[in-house]
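Descriptive analysis of the structure
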Amino acid sequence: MDLLFLLKVLWRKLWILISVPLIAAFAAYIFTMDMADTYVSKAQLATGFTINDQVTLTEEKFNSREADIKFSNLMSMMNSGLAINLTSYRLLLHDLNPENIPFHRPDPELLKPTAEQISEVREIVTRKLKSFQPLTSTDPEFDLVSRFLIAYGYNYTDIKENLKFERIPNTDYIDVFMKSDSPRLSAAGVNAFCEEFIRYNESLKVERSSESVEFLHELVQKKKADLDRKLETQKMFKANNNVFNLEGESGMMMGQLSVLESQASTTRSNIHRLELQVRKLRDDIARLSAPVTSGSNQRVLELRSKINEMNARYITQGSNNQALLDSLNFLREELRMAQETSQRQGALAMPGYTLAELQQQLRDKEIELEVQRDDLRNTEAKIRAINYNFSGFATKEAELAAIQKEVELATQEYNTALDKYNEARNRQLVSNTLRLVLAGTPPVNPEPGIRLIIVGLAGIATFFFSVAVIIGLELLDGTIRTPDRFKRMVNLPVAGIINKIDSKNFNIRAMFNQQNGSEEVEMFKSLLRKFRHEIDSMNAKVILFTSPKRRDGKTFVMFSLSYVLSLLDKRVLILDTNFKNNSLSQILGRGQSDLKVLDTKKHKLLVSSQEADKKPEAEYEHENSYDLINPTKYKNIYIVGNSGGGAESPAEILSGRDFTNLVSILADSFDYVLMEGAAMNDYSDTKELVRYADKVVAVFSADTSIGQLDREASQYFKALGKKFGGCVLNRVEAKELRS
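Since the structure is predicted, the reported quantities are computational estimates derived from the model, not experimental observations.

Packing of helix α2 (residues 14–31) against helix α13 (residues 450–476) leaves a shortest axis separation of 8 Å and a crossing angle of 150°. Judged by the inter-axis angle, α2 sits roughly antiparallel to α13. Pair α2 / α13 crosses with right-handed handedness. Residue-level contacts link I16, L17, V20, P21, A24, A25, A28 and Y29 of α2 to R451, I454, V455, A458, G459, T462, F463, S466, V467 and I470 of α13. Of the residues in the contact of α2 with α13, the class split is 14 nonpolar, 3 polar and 1 charged.

Shown next, in the form of structure tokens:
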């Protein structure tokens, strides 16, 4: 269904689209005549979620995601029943106070309170207001308080329906609105709601923060006790192990060890030097005591060889070995002495020294060597003592490090708990950031246009509802209705269109004789002439008319076509081959008692309709085929009828007869031979008669829908190819053709 068709449908239903909204708007206007004026008062709350201008002791960074969650939670709390109950309490207490001018007075039919009841209700409501208690059905005083709230118009439902709150986008503020029939009530109600909600929200935060502060205080005390125990353990360990400053003592001992090792190294060097000197003195004394021999030259050669070898070792080791250097110097001195000894006889071993002096030097050096060895032993003993102390020191250091680690961990836990406790205390001091920044005031004028809006909405809603209903009915309507829909449904060529006319008083002769008929009649005559032109353009004499369904109008179309063809002096023969329903024979053969019909008996081809049950006579065997033709009251229109009501198919009726020759003979005498076939969805007559026709024309009724059997019939028509002459869409509404 295309948009253009829907627009045409809406245009035809324009009177509905105009009248229905007007009626609805008028009804809304009448119903709202007694509507009271509505006054709306607005208050504004600042949440402090995005901007906090209060003095705070902690620095909190803004988080948009967290702020959105807080706003959602706050809006949910505002929608809760308790805040609305508190507002109801406030308004009821105001009206029950004799010093105040009441906003509402109770309906006498609902409530006639006594002074005792008023006093009791005031006491109950005041108690519930202070303790934030909602009114529930389980309360013993529920019935009494509920009757007062309903009578005064402050019931939970009444307050909730008239309250509205919304966040101003991208701000820190929430607007709260309340509407009522009194400007004073609107202002008092919106302020009461804001004040009670702020009070309720603050009580919740104080209660929660108090629980948190108490819990954190206990946690701080526990962590402090743990830290004290760890510190006492550390103190006792140091006292028991004489450790006051492990790191300082360790450094001092390391310094002592370094000094002692340096002293030991120096002493070892002195010992080595003295040993060499003692050895040299002993050699000098031995040489001075021994006679000079010829082997002195041999000694010189040996000393030179040793000096060369030792010098090479000294250079290879980096020239920093003091012991090698001393040995090298000693050999060089011995070489010098050997050379001098070889040159003199009986002279001194060393210049300026006698044998007695060398012996004295030897004794001195030996004493000094022994002293250095004692010093080395003492130094090494001190080093061993320090190393022993170090081994015990490492164990103490490991134990003390473990204790110190526990102390540090306990200190960290204590500081963390203390920070959280201080933060909770600080938040408790500034727990509620919600505050009223704009109090509601009594509005001067009522809300404008409420009544007009209701009337307008009624008209607009009914207009779109009417459009939806019309379009829905059109979408649900599966009838053909228009030629365009027919083409989309069956995809078959259309040879003609016949508009719907009154068939009860149908007189085709009178229609064509009158000059200026109605619009539908003139359209019918015009469309029929167009169809006649299409038939004439087919260049076919024998045309078979059929339809998928019964009562699609085959008889009407064939008769109307025959009449307009006769107006052109065309001789038309209607061959009524619809053996299931002989409507053509009944209409055109009316008044002819001897109407010749096609019979089903095989031994004859034609008989009188009155003699159909009689025994045939011999002369009928030689009757002419033209005796089948019956004239009608219309000029140039003839008919070959049938008895009707038969259960046999055309193939069975015409079996053994040369019906093809009969049709050919009749076609030679007429301009057109029109045949009718029974409905294809019910009978196979059309398929059996197709072979006798030049063209096949299908009749569809526009007031029917296309079903599965109709689609199968359409496929059959397509399969006929060029033999199919097209479709006639019958009973099309004139308005569908005009639009």
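There's more to say after this.
Here we take up the packing of helix α4 (residues 81–96) against helix α6 (residues 142–152). Look at α4 against α6: their axes get within 11 Å of each other, and the N-to-C directions meet at 80°. One way to sum up the angle between α4 and α6 is to call them roughly perpendicular. For the pair α4 and α6, contact is made by S88, L92, D95 and L96 and by F148, L149 and Y152, respectively. The class makeup of the residues in the contact of α4 with α6 is 5 nonpolar, 1 polar and 1 charged.

For the rest of this paragraph, the subject is the pattern of salt bridges. In total, this model carries 22 salt bridges according to the counting rule given. Residues R90 and E196 are paired through a salt bridge, measuring 2.7 Å at the closest nitrogen-oxygen approach. Of this pair, R90 sits in helix α4 while E196 is found in helix α8 (residues 183–240), placing the two residues 106 residues apart along the sequence. Residue class for R90 comes out partly exposed when judged on its relative accessible area of 26%. For K525, the salt bridge is made with E522, and the minimal N-O distance between the two is 3.4 Å. In this pair, K525 and E522 are both assigned in helix α16 (residues 519–537), 3 residues apart and thus about one turn of the helix distant. For E522, a relative accessible area of 29% puts it in the partly exposed group.

Moving on to the sheet that holds strand β3 (residues 173–180). Taken in spatial order, the 4 strands line up as β2-β3-β1-β4 in an open sheet, and their pairing is antiparallel. Each of the sheet's edge strands pairs with one partner strand only, and the pair in question is β2 (163–167) and β4 (435–438). In this sheet, adjacent strand axes meet at a mean angle of 30° when their direction is disregarded. When strand β1 (residues 39–46) meets β4, the two strands line up antiparallel, connected through 3 bridges. By the bridge assignment, A46 is partnered in β4 with R435. Set on the sheet, helix α3 (residues 64–78) makes contact with β1, β2 and β3; between it and β2 the angle comes to about 180°.

A few words now on the nonpolar core. M78, L92, F148, Y154, I174, V176 and F193 are the most contacted members of the largest nonpolar core, which has 47 residues in total. For this core, the secondary structure elements donating two or more residues are β1, α3, α4, α5 (115–130), α6, β2, β3 and α8. Counting residues per element, this core draws most heavily on α4, which supplies 9 residues. Once residues within four sequence positions are removed from consideration, L92 is found in contact with V121, V125, F148, L149, Y152 and Y154.

Right, let's talk about a nonpolar patch on the surface for a bit. Taken together, the side chains of F26, Y29, I30, F31 and M33 define a hydrophobic patch exposed on the protein surface, amounting to about 590 Å² of accessible area. Structurally, I30 is set in helix α2. By relative accessible area, I30 is classed as partly exposed at 38%.

A separate point is the side chain of S41. Here S41 lies in strand β1. Classification of S41 as buried rests on a relative accessible area of 1%. Engagement of the side chain of S41 in a polar contact is seen with the backbone oxygen of T441, the distance being 2.9 Å. With residues up to four places along the chain from it excluded, the contact list for S41 reads V176, F177, M178, S186, A187, V190, G440, T441 and P443.

The subject of this paragraph is helix α20 (residues 659–669). Along an α-helix, a turn takes 3.6 residues, which lines up residues three or four apart on a common side. By the burial criterion, the buried members of α20 are F659, L662, V663, L666 and A667. The buried residues of α20 occupy an angular sector of 130° when projected down its axis, which confines them to one face.

About the criteria used
- Every chain is numbered on its own, with residues counted from 1 as its sequence reads.
- Per-residue local features are limited, in this predicted model, to residues with pLDDT of at least 70; the limit for side-chain atom pairs, both in listing and counting, is 80 or more; totals at the level of whole chains, interfaces and linings are taken over all residues.
- Based on all heavy atoms of the structure, the side-chain values leave hydrogens and waters out of the count.
- Axes, fitted as lines to C-alpha atoms, cover a helix only where it is in contact. Angles between the N-to-C directions of the axes lie from 0 to 180 degrees.
- The helix and strand labels rest on DSSP assignments: H or I over at least four residues marks a helix, E over at least two residues marks a strand, and numbering proceeds from the N terminus.
- An angle counts as roughly parallel when it lies under 35 degrees, as roughly antiparallel when it exceeds 145, as roughly perpendicular when it falls between 65 and 115, and as oblique in every other case.
- In a left-handed crossing the near helix is turned counterclockwise from the far helix by less than a right angle, and in a right-handed crossing that turn is clockwise.
- The contact rule is simple, with two residues in contact once any of their heavy atoms fall within 4.5 Å.
- Amino acid classes used here: Ala, Val, Leu, Ile, Met, Phe, Trp, Tyr, Cys and Pro are nonpolar; Asp, Glu, Lys and Arg are charged; the rest, including Gly, are polar.
- Only one rule defines a salt bridge in this text: a Lys or Arg side-chain nitrogen within 4 Å of an Asp or Glu carboxyl oxygen.
- Only protein chains enter the accessibility calculation, which uses a 1.4 Å probe. A residue is then buried if its area is under 20% of the maximum for its type, exposed if over 50%, and partly exposed in between.
- A pair of strands is labelled paired if DSSP reports no fewer than 2 bridges between them.
- To form a nonpolar core, buried Ala, Val, Leu, Ile, Met, Phe, Trp, Tyr and Cys residues must be joined to one another through side-chain atoms within 4.5 Å.
- Residues enter patches when their relative accessible area tops 30% and they take part in no salt bridge; the joining distance is 9 Å for like charges and 5 Å for the nonpolar side chains Val, Leu, Ile, Met, Phe, Trp and Tyr.
- All accessibility values rest on the Shrake-Rupley procedure with a 1.4 Å probe; residue burial counts only the protein chains present in the view.
- N or O atoms within 3.5 Å of each other form a polar contact, as long as, within protein, one can give a hydrogen and the other can take it, and as long as residues adjacent in sequence are counted only when both atoms are side-chain atoms.
- The arc in question is traced by the directions running from the helix axis to the C-beta atoms.

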